Amino acid sequence: MDKHIHTPMTEKKARELRAGDYVYITGTIYTARDAAHKRMQETLAAGERLPIDVRDAIIYYMGPSPAREGRPIGSAGPTTASRMDKYAPKLLSLGLRGMIGKGKRSSEVLEAICANGAVYFAAVGGAGALLSKSIVASELVAYEDLGTEAIRRLEVVDFPVIVVADTEGNNLYETAIKEYASQTTV
Amino acid sequence: MRTIYVGEITKNIKEMCIEANYFLSQDMDAAMKHAVSIEKAPLGRQILSQLQENLQIAGKDMIPICQDTGMAVVFLEIGQEVHLEGGLLEDAVNEGVRQGYTEGYLRKSVVKDPLERENTKDNTPAVIHYEIVKGDTLTITVAPKGFGSENMSRIFMLKPADGIEGVKQAILTAVKDAGPNACPPMVVGVGIGGTFEKCALMAKKALTRKTGSHAETPYVKAMEEELLQKINGLGIGPGGLGGTVTALAVHIETYPTHIAGLPVAVNICCHVNRHVTRVL
């Protein structure tokens with residue numbers, strides 16, 4: 001089912017989404033990947049404030065290629081989400097409402113998604129040029145020294161994603177594959 | 001003896017890094033168009049058509065096909081009648097990568113040390129494989145490798161008793177575990193035989209073969225065909241969201257091995273499978 005959502009992403013909006021929904025996101029989202037997550041974890045461990053407010057926010061696991069002059073961003077597709085699995089449950093407990101990436105998540109993350117009322121979205125991996133067209137502005141927020149891995153605030157318009165894991169515990173990667181599997185033994 | 005100036009190598013590698021990241025090679029383009037025509041899942045077809053649109057935008061607006069513009073893997077087949085002048089070959093290759101990634105607006109994804117993890121900021125060094133071959137030409141292949149798929153690659157040190165069925169099972173296991181992480185539809189490069197490092201290198205080089213081409217040995221060709229069919233029966237599909245096209249091709253390379261061993265390496269690549277070859 002096609003749905004349009006605007007940020008901030010409240011728990012109510014998250015709970016209305018189901019695995020398999022095709023969602024167009026409009027509003028503000030943040031980028032963070034491996035190194036930024038490690039820094040955020042260290043920040044929290046030191047008892048300090050995070051550089052972004054994660055409550056009702058969406059984090060896009062993405063490190064862009066450099067922008068050409070006059071453009072907001074370069075190629076901007078998702079990176080593999082499982083590398084952030086170690087850090088995601090803590091952020092979800094702080095109110096993080098959405099994550100955009102690609103690939104499988106750990107059982108700990110899937111449980112935290114249900115427990116906290118959040119959503120894991122997939123964007124199409126390897127479609128960075130196409131996805132960049134839905135990003136209208138990009139601003140560096142924190143950790144500039146990390147280069148492509150810095151935290152950026154993005155303004156997106158109808159950014160296309162698919163719900164993989166929802167608040168009810170459904171997981172599209174598992175159900176969709178079963179539908180087309182004829183090779184059941186490995 | 002033929003002289004090649006290393007500056008020529010730098011210039012070509014710079015251009016090849018850029019070309020590989022903005023334009024899909026002809027063989028991969030044909031494989032992706034074929035995938036659209038045979039995918040049965042509606043969502044799978046929708047994703048494949050988005051990937052077609054992505055390729056058009058990349059070439060037209062000069063935006064890299066994928067933001068992960070890879071670590072540059074460079075194969076050099078150096079004819080033994082070639083004499084290189086003008087500096088060190090390794091430096092010339094890395095200078096080409098530096099210029100390509102900087103001037104080509106490509107992402108700098110390389111860290112100087114695997115544990116200290118400080119970005120080198122120019123995507124160097126490349127991973128360079130040298131081979132001395134017959135003749136007086138230098139063949140360069142640039143294959144920028146993204147790590148979504150690289151991370152899902154595997155090596156299996158099987159026993160001779162595991163045989164061909166054990167090999168097939170290992171390859172299917174690697175692909176199934178890779179699933180959506182490796183940006184399917186993928187290309188599966190396989191090395192069988194040799195030693196631990198030789199079979200990994202064969203698997204990598206297999207990815208640079210013309211997509212969909214087959215091994216010359218009849219039983220290896222038969223394995224490539226059978227495995228492609230079985231992989232596509234896993235149901236993973238485009239983007240891992242279900243479908244009948246999980247892989248575009250399976251390329252297998254073999255080499256003599258030890259009486260006690262049966263190494264199998266599976267190097268998985270995404271649907272971009274960048275590779276550009278030039279002969280100097």
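Residues numbered from 1 in each chain as written. Chains lettered and ligands numbered in written order. Predicted model: local features only at pLDDT ≥ 70, side-chain atom pairs only at ≥ 80, totals over all residues. Heavy atoms only, no water.

Here we look at the overall build of chain A
Inference 1: Secondary structure summary: chain A contains six helices and seven strands in total.
Inference 2: Beginning at the N terminus, the succession of helices and strands in chain A can be written as β-α-β-α-β-α-β-α-β-α-β-β-α.
Inference 3: The C-alpha extent of chain A, read off along each of the three principal axes, is 45 × 40 × 35 Å.
Inference 4: Counting only residues that meet the buried cut, chain A has 57% of its 186 residues in that class.
Inference 5: Considering only intrachain contacts with a sequence separation of at least 6, the fraction spanning at least 24 residues in chain A is 64%.
Inference 6: Element-wise, carbon and sulfur atoms account for 49% of the exposed surface of chain A, whose accessible area totals about 7,700 Å².
Inference 7: Here chain A contributes 23 positively and 23 negatively charged side chains, and the mean placements of these two sets differ by 2 Å. (Helix = DSSP H or I, 4+ residues; strand = E, 2+ residues; numbered from the N terminus. Buried < 20%, exposed > 50% of the residue type's maximum accessible area, 1.4 Å probe, protein only. Contact = heavy atoms within 4.5 Å. Areas by Shrake-Rupley, 256 points an atom, 1.4 Å probe, with all protein chains shown as cover. Lys, Arg positive; Asp, Glu negative; His and termini not counted. Charge placed at Lys NZ, Arg CZ, Asp CG, Glu CD.)

Focus on the sheet that holds strand E9 (residues 262–269) of chain B
Residues and elements named next belong to chain B.
Inference 1: With respect to topology, four strands assemble into an open sheet ordered E6-E9-E7-E8, the strand pairing being mixed. Strands with a single pairing partner mark the edges of an open sheet, and in this sheet they are strand E6 (154–158) and strand E8 (247–257). The mean inter-strand angle of the sheet, taken between neighbouring strand axes irrespective of direction, is 15°.
Inference 2: Sheet strands in contact with helix H7 (residues 196–206) are E6, strand E7 (186–194), E8 and E9, and its direction is about 150° off that of E7. (Pairing = 2+ DSSP bridges. Axes fitted to C-alpha atoms, helices over the stretch in contact; angles between N-to-C directions.)

Quick look at helix H2 (residues 26–38) of chain B
The α-helix advances 3.6 residues per turn, and as a result positions three or four apart in sequence lie on the same side.
Residue and element names in this part refer to chain B.
Inference 1: Taking 1.5 Å per residue as the helical rise, H2 with its 13 residues ought to reach 18 Å, and the 19 Å between its terminal C-alpha atoms agrees with that figure.
Inference 2: Within the span of H2, buried status applies to Asp-27, Met-28, Ala-31, Met-32 and Ala-35. Looking down the long axis of H2, one finds its buried residues gathered within 135° of arc, a one-sided arrangement. Opposite the buried face of H2, at more than 90 degrees from it, the exposed residues are Gln-26 and Ser-37.
Inference 3: The inward-facing, buried residues of H2 contact helix H3 (42–61), E7 and E8. (Expected span 1.5 Å × (residues − 1). Arc of directions from axis to C-beta.)

Overview of the pairing of strand E2 (residues 71–79) of chain B
Residues and elements named next belong to chain B.
Inference 1: Counting buried positions along E2 gives seven out of nine residues, so the element sits mostly inside the fold.
Inference 2: Pairing analysis gives seven bridges linking E2 to strand E4 (residues 127–133), with the strands arranged parallel. If you follow Ile-78 over to E4, its bridge partner there is Ile-132.

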